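Here's the letter readout for the chains.
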Amino acid sequence: MSNSTESLQAIAASNSPSRRAWRRFRRNRLGYWSLVIFCTLVVLSLFAEVLSNDKPLLVRYEGQLYVPLVNDYPETVFGGDFETPTDYLDPFIREQLTQGGNWAIYPPNPYGPRTINYFAKEPNPSGPSRDNWFGTDDRGRDMLAQLIYGFRVSVLFALALTAIGVVLGVAAGAVQGFFGGRIDLTMQRVIEIWAAMPELYLLIIFSAMFAPSLGLLLVLLSLFGWMGLSDYVRAEFLRNRQMDYVRSARALGMSNAQIIWRHILPNSLTPVVTFLPFRMSAAILALTSLDFLGLGVPPDTPSLGQLLNQGKANIDAWWISLSTFGVLVLTLLLLTFMGDALRNALDPRTPDPPEPEAKRPVTVPAKEAKA
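Description of the structure in this document. (Residues numbered from 1 in each chain as written. Predicted model: local features only at pLDDT ≥ 70, side-chain atom pairs only at ≥ 80, totals over all residues. Heavy atoms only, no water.)

### Some thoughts on the side chain of Thr 136
Alright, step 1. Locating Thr 136 in the fold gives a position in the loop between β3 (103–105) and α6 (143–179).
Alright, step 2. Residue classification places Thr 136 among the buried residues on the basis of a relative accessible area of 3%.
Alright, step 3. Polar side-chain contacts of Thr 136 include one of 3.4 Å to the side chain of Asn 124.
Alright, step 4. Ignoring sequence-local partners within four residues, the contact set of Thr 136 consists of Asn 124, Pro 125, Ser 126, Arg 141, Asp 142, Met 143, Trp 319 and Ile 320. (Helix = DSSP H or I, 4+ residues; strand = E, 2+ residues; numbered from the N terminus. Buried < 20%, exposed > 50% of the residue type's maximum accessible area, 1.4 Å probe, protein only. Polar contact = N/O pair within 3.5 Å; in protein donor to acceptor, adjacent residues only side chain to side chain. Contact = heavy atoms within 4.5 Å.)

This is how it looks when you write it as structure tokens:
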């Protein structure tokens, strides 16, 4: 009897809504592998300093170990003549680090996003070569390093903007949909007036008043980025507040906050989850567009929009536009495929994939059971 009870519990757990949604998501191979590739790229970009940097990861010089990635050392430590920070691209320093039992472990790409190679063999911008795999920009900076760091800046900015938008949108939509009536009407009119504000003009005005920064962009875009999601959450709350489980919770004496947090909100998260990849795509496009117009991040910050602007100014340097456009298109495609797969996985009308043979319940005919 206990074995049959455990098997029924296992079958019920395997058929939970979350597991069924996950199986539907995994069945969409394009969306699933887009998630794997996107997460891999994000994790690699978080270790950008290890993958692309003009400082060695570890140096052994005259019997002592140094970690230039963490500490700055003057040139005199490695046999130089000046107290300035060491330029590890200097041929003299490289020769010092390779003779007499000395050695240095460099990142796979020995250039940082702001590194200017003063010992380059060709004028800038230079095309792809063995030293610079994706070429250099018009200032002599390595393109691969800028793409890695620019991708990280775009993704982290999109994640932060999406998180703030989700919190504000869910809060506003929940209040509107749950209470309804005058509160709903008043907030709807306020949102409509706020949505009519010229966002681009405000960005131009504030960029002229303050120094450009990611924080300023995050605040300004967050003021307008939550209204689309609030409409979806409001509609879900208006529908779910009429359900029987909400009436039962009221009859048990639960407070409005408990009903919203415990009962209605978990059943209203489907549009929120589906909204996330598309919101991230919009955030990346917004940051890229503003950087292209010169209204985004500071000039010394690696950015995909600034690279596209450089490609426009240097038409002959095709590698600048092509590589930047490729990274941007790949990122947006991955997010779009993930969003489509999430939408299909959370749609109850989508048929469930067949269960594995081991998890299917075994049915016994009635005659054999009686015998």
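### Quick look at the sheet that holds β3
Alright, step 1. The three strands are arranged β2-β1-β3 in an open sheet whose pairing can be described as antiparallel. If you trace the sheet from one side to the other, it starts and ends with β2 (64–66) and β3, each paired once. On average, each strand axis in the sheet is tilted by 15 degrees relative to the strand beside it, whichever way the strands run.
Alright, step 2. One ladder, built from three bridges, connects strand β1 (residues 58–61) with β3; its direction is antiparallel. (Pairing = 2+ DSSP bridges. Axes fitted to C-alpha atoms, helices over the stretch in contact; angles between N-to-C directions.)

### Notes on empty space enclosed by the protein
Alright, step 1. Under the criterion given, the structure shown has three cavities of 30 Å³ or more.
Alright, step 2. Each pocket or cavity is described by its volume, and for the largest cavity that value is around 50 Å³.
Alright, step 3. Taken together, Leu 203, Ser 207, Pro 212, Ser 213, Leu 216, Leu 217, Leu 220, Leu 295 and Gly 296 make up the full set of residues lining the largest cavity.
Alright, step 4. Every element with two or more residues in the lining of the largest cavity is listed here: α8 (199–209) and α9 (214–222).
Alright, step 5. Among the elements that make up the lining of the largest cavity, the one with the highest residue count is α9 (three residues).
Alright, step 6. Residue composition of the lining of the largest cavity, grouped by class: six nonpolar, three polar and no charged.
Alright, step 7. Computed from the structure, the second largest cavity encloses a volume of approximately 40 Å³.
Alright, step 8. The wall of the second largest cavity is formed by Pro 113, Arg 141, Gln 146, Asp 300, Thr 301, Pro 302, Ser 303, Gln 306 and Leu 307. (1 Å grid on protein atoms, 1.4 Å probe; cavity = no way out; pocket = protein on both sides within 12 Å on 5 of 7 lines; lining within 4 Å. Points joined across faces, edges and corners; volume = space filled by probe spheres on them. Nonpolar A, V, L, I, M, F, W, Y, C, P; charged D, E, K, R; others polar.)

### Description of the nonpolar core
Alright, step 1. By size, the foremost hydrophobic cluster in this structure holds 34 residues, and its most contacted members are Phe 38 and Phe 157.
Alright, step 2. Of all the elements in the fold, those that place two or more residues in this core are α3 (29–46), α6, α9, α13 (270–293), α14 (304–313) and α15 (318–345).
Alright, step 3. In this view, Phe 157 contacts Leu 214, Leu 217, Leu 218, Leu 221, Ala 283 and Leu 287; residues no more than four positions away in its chain are not counted.
Alright, step 4. With 16 residues, the next largest nonpolar core counts Val 246, Ile 259, Ile 264 and Leu 265 among its residues. (Core = buried A, V, L, I, M, F, W, Y, C linked by side-chain atoms within 4.5 Å.)

### Section: the pattern of salt bridges
Alright, step 1. Scanning the entire structure with this criterion turns up eight salt bridges.
Alright, step 2. Across the pair Asp 137 and Arg 141 runs a salt bridge, and its minimum N-O distance is 2.9 Å. The two residues Asp 137 and Arg 141 agree in class, both being buried. (Salt bridge = Lys/Arg side-chain N within 4 Å of Asp/Glu carboxyl O.)

### Notes on the side chain of Arg 279
Alright, step 1. Among the secondary structure elements, Arg 279 is positioned in helix α13.
Alright, step 2. Buried and unpaired, Arg 279 has no salt bridge, with Glu 199 as the nearest side chain of opposite charge at 6.8 Å. (Lys, Arg positive; Asp, Glu negative; His and termini not counted.)

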